[in-house]
Amino acid sequence: MKLLASTLTALSIAFASAVNAAPIELKFSHVVAENTPKGQMALKFKELVDQRLPGKVEVKVYPNSQLYGDGKELEALLLGDVELISPSLSKFKKYTKKLQVFDLPFLFQDMAAVERFQASSAGQELLSSLESKGLVGLGYLHNGMKQLSANEPLYTPADAKGKKFRIMSSDVLAAQFEAVEAVPLKKPFSEVFTLLQTRAIDGQENTWSNIYSKKFFEVQASITESNHGVLDYLIVTSAEFWHELPDDIRSELKAALDEAVAHGNQIAAQKAEKDKANIMASNRSEIISLSPEQRQQWVEAMKPVWQQFESEIGKNIIDAAVAANQ
């Protein structure tokens, strides 16, 4: 009996060791192409984790909505079906309204201002604003400034009147287009090309890298270089998953993620110019440069949206964002 007990104990220890030795699986799901800044960041993160945590953590990257579309990925994260996602900042209204600051039109002069705000105390505090909802913000990832594309040229707000524009699920973005008497339609990112191709919608707003990688320029007659907003992402995980990780694993993952984000942000800056040049070279879509007077018309038409959402976002947060332009 003692021999049998000893054997069973040894088997139990061996089994427990085998189970403990199994790597932690980390599924990273996102909705864009691998050649975008987000796609490249995710691959860099996997590469770094493979190097630094071999046999301990296995990162699996699923691009192009292979697992979940942009309307389902947050739900999947909270259910534990994926461990890491990076939705656009517009997707978090259900969890905190403070992040709507990033959707306000003509708030930031350029990406440098965006970065200054995100690195500020106000920007960093926003990362923890989701904790009570079971989410942990791990960092901001850039895509770039947004441009307006349409089937017909957009020079002034009057040109947008009555036209249907696809937007992300954001009340601020809806108000932005309603301010110029356009019709905003909340549709999944994966459907945008087909909607444009079939003329079910007239236009959309996006960054140069998304317009190029998803070939929106092939089915839009013109792109107005408006730089009217920012499209950035929040890298987020579930609080349950993150806090249950061993301390050494968690700190190594955060360090790898920070490095991957810096890599992705550098690519974002480079791709913005490169993909704009590629679109110009294609001769498939006319790029419209606004005069200062034309751009000011857009600013004046859309800026009232700031006050409309001031009570939800917080005047102190908007003021901090404005200060980042200095």
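The residue numbers shown here count from 1 along each chain, following its written sequence. With the structure being a predicted model, the display of local features is reserved for residues of pLDDT at least 70 and the display and counting of side-chain atom pairs for 80 or more, all residues being used for whole-chain, interface and lining totals. Side-chain figures throughout are based on the complete set of non-hydrogen atoms in the structure, without hydrogens or water.

Chemist: Hey, could you run me through the overall build of the protein chain in this one?
Modeler: Regarding its fold elements, the protein chain presents 14 helices and 11 strands. Seen through its principal axes, the protein chain has C-alpha atoms that stretch 90 × 45 × 30 Å. Only heavy atoms matter for contacts: two residues are in contact if any of them lie within 4.5 Å across the pair. Sequence-distant contacts in the protein chain: of pairs separated by 6 or more residues, those separated by 24 or more amount to 76%. Of the roughly 14700 Å² of accessible surface on the protein chain, 51% is carried by carbon and sulfur atoms. A gap of 3 Å separates the mean positions of the 35 positive and 41 negative side-chain charges of the protein chain. Helical segments are the DSSP runs of H or I of at least four residues, strand segments are the runs of E of at least two, and each set is numbered from the N terminus. The Shrake-Rupley method, run with a 1.4 Å probe sphere, supplies the accessible areas, and residue values consider only the shown protein chains as cover. Counted as positive: Lys and Arg. Counted as negative: Asp and Glu, with His and the chain ends omitted from the count. Charge coordinates come from a single atom per side chain, which is NZ of Lys, CZ of Arg, CG of Asp or CD of Glu.

Chemist: For this particular structure, what's the right way to read the environment of serine 86?
Modeler: Tracing the backbone through its elements, the reader meets serine 86 in the loop between strand S3 (84-85) and helix H4 (111-119). Residue classification places serine 86 among the buried positions, given a relative accessible area of 0%. Any residue under 20% of the maximum accessible area for its type is buried, any over 50% is exposed, and the rest in between are partly exposed; the area is computed with a 1.4 Å probe on protein chains only.

Chemist: Explain unusual backbone geometry to me, please; I cannot follow it from the model alone.
Modeler: Keep in mind that most residues, glycine aside, have a negative phi and that most peptide bonds are trans. Even without being glycine, phenylalanine 106 reaches a positive phi, approximately 55°. Judged by its relative accessible area of 12%, phenylalanine 106 falls in the buried class. Phi at asparagine 227 takes a positive value of approximately 45°, unusual for a residue other than glycine. Mapped onto the elements, asparagine 227 comes out in the loop between strand S9 (222-225) and strand S10 (230-238). Here asparagine 227 falls in the partly exposed class, since its relative accessible area comes to 24%.

Chemist: Whenever I open this one, the packing of helix H2 (residues 37-52) against helix H10 (residues 247-282) confuses me. Can you help?
Modeler: Two measures define how a pair of helices packs: the angle their axes make with one another and the distance between the axes. With their axes 8 Å apart at the nearest point, H2 and H10 run at an angle of 150° to one another. Crossing of H2 against H10: the hand is right-handed. For helices, the axis comes from a line fit to the C-alpha atoms of the stretch in contact; other axes are also lines fit to C-alpha atoms, and the angle between any two N-to-C directions lies between 0 and 180 degrees. A clockwise turn of the near helix away from the far one marks a right-handed crossing, whereas an anticlockwise turn of less than a right angle marks a left-handed crossing.

Chemist: Mind showing me how you'd approach H2 here?
Modeler: Every α-helical turn comprises 3.6 residues, leaving residues that sit three or four positions apart pointing alike. Look at H2: 22 Å from first C-alpha to last across 16 residues, which is about the 22 Å you get at 1.5 Å a residue. Looking only at H2, the buried set comprises Pro37, Lys38, Gly39, Met41, Ala42, Lys44, Phe45, Leu48 and Val49. In this analysis, the expected span of each helix is defined as 1.5 Å times one less than the number of residues it contains.

Chemist: For this particular structure, what's the right way to read the side chain of threonine 156?
Modeler: Following the sequence through the fold, threonine 156 ends up in the loop between strand S5 (147-150) and strand S6 (164-167). For threonine 156, the residues in contact, after removing those within four places along its chain, are Gln294, Gln297 and Trp298.

Chemist: Just to check I follow, could you spell out the sheet that holds S5 for this structure?
Modeler: By way of backbone hydrogen bonds, the strands of a sheet pair with one another, either parallel or antiparallel. Whether two strands pair comes down to DSSP finding at least two bridges between them. Pairing in this open sheet of 6 strands is mixed, and the strands run S7-S6-S8-S5-S9-S11 from one edge to the other. The open sheet has two edge strands, strand S7 (183-186) and strand S11 (286-289), and neither has a second partner. When the angles between neighbouring strand axes are averaged without regard to direction, this sheet yields 30°. Bridge count between S6 and strand S8 (residues 203-206): 2 bridges; the pairing is parallel. Residue phenylalanine 165 lies in a different strand from S8, and its bridge partner there is glycine 203.

Chemist: How should the pattern of salt bridges be read in this particular structure?
Modeler: Close approach of charged atoms allows side chains with opposite charge to pair. The salt bridge criterion pairs a side-chain nitrogen of Lys or Arg with a carboxyl oxygen of Asp or Glu, the two atoms within 4 Å. Summed over all chains, the structure comprises 17 salt bridges. For the salt bridge of glutamate 152 with lysine 163, the shortest nitrogen-to-oxygen distance reads 3.4 Å. Residue glutamate 152 is found in the loop between S5 and S6, and its partner lysine 163 is found in the loop between S5 and S6; the two are separated by 11 residues along the sequence. Glutamate 152 gets classed as partly exposed once you look at its relative accessible area, which sits at 45%. Taking relative accessible area as the criterion, lysine 163 reaches 14% and is therefore assigned buried.

Chemist: Just to check I follow, could you spell out the environment of alanine 321 for this structure?
Modeler: Tracing the backbone through its elements, the reader meets alanine 321 in helix H14 (residues 315-323). Placed 82 residues apart in sequence, alanine 321 and alanine 239 show a C-alpha to C-alpha distance of 27 Å. Beyond its immediate stretch of four places on either side in the chain, alanine 321 contacts Val101, Leu107, Phe108 and Phe117.

Chemist: How should I be thinking about the packing of aromatic side chains in this particular structure?
Modeler: Planes of paired rings set the category: under 30 degrees apart is stacked, over 60 is edge-to-face and the rest tilted, where pairs are Phe, Tyr or Trp rings (Trp by its six-membered ring) whose centres lie within 6.5 Å. If you walk through the whole model with that rule in mind, you get 8 aromatic pairs. With a centroid separation of 5.9 Å and 45° between ring planes, the pair formed by phenylalanine 108 and phenylalanine 117 is classed as tilted. Overall, the relative accessible area of 6% leaves phenylalanine 108 in the buried class. A ring pair is formed by tyrosine 212 and phenylalanine 217, whose centres lie 5.5 Å apart and whose planes are at 20°; its orientation type is stacked. A residue is classified by how much of its surface remains accessible, and tyrosine 212, at 27% relative accessible area, is partly exposed.

Chemist: Even after reading the chapter, I still don't get the pairing of S8, so can you show me in this structure?
Modeler: The two faces of a sheet get side chains in turn, since along a regular strand they alternate between them. Taking every second residue as pointing to the same face, both faces of S8 are buried, with Gly203 and Glu205 on one and Gln204 and Asn206 on the other. The sheet contact formed by S5 and S8 spans 4 bridges and is antiparallel. Each residue of the ladder has a partner; that of serine 149, found in S8, is glutamine 204.

Chemist: Explain the nonpolar core here, please?
Modeler: In globular proteins that are soluble, nonpolar side chains generally tend to be buried together. Joining through side-chain atoms within 4.5 Å is the link that ties buried Ala, Val, Leu, Ile, Met, Phe, Trp, Tyr and Cys residues into a set, and such a set is a nonpolar core. In terms of nonpolar packing, the biggest core is built from 61 residues, with Phe45, Leu253 and Trp298 touching the most fellow members. Ranked by residue count, the leading element in this core is H10, at 7 residues. Residues within four places of phenylalanine 45 in sequence aside, it is in contact with Leu26, Phe28, Val59, Leu84, Leu253, Ala256, Leu257 and Ala260. If you look at the next biggest cluster of nonpolar residues, it comprises 37 residues, including Ala76, Ala122, Ile313 and Ala324.

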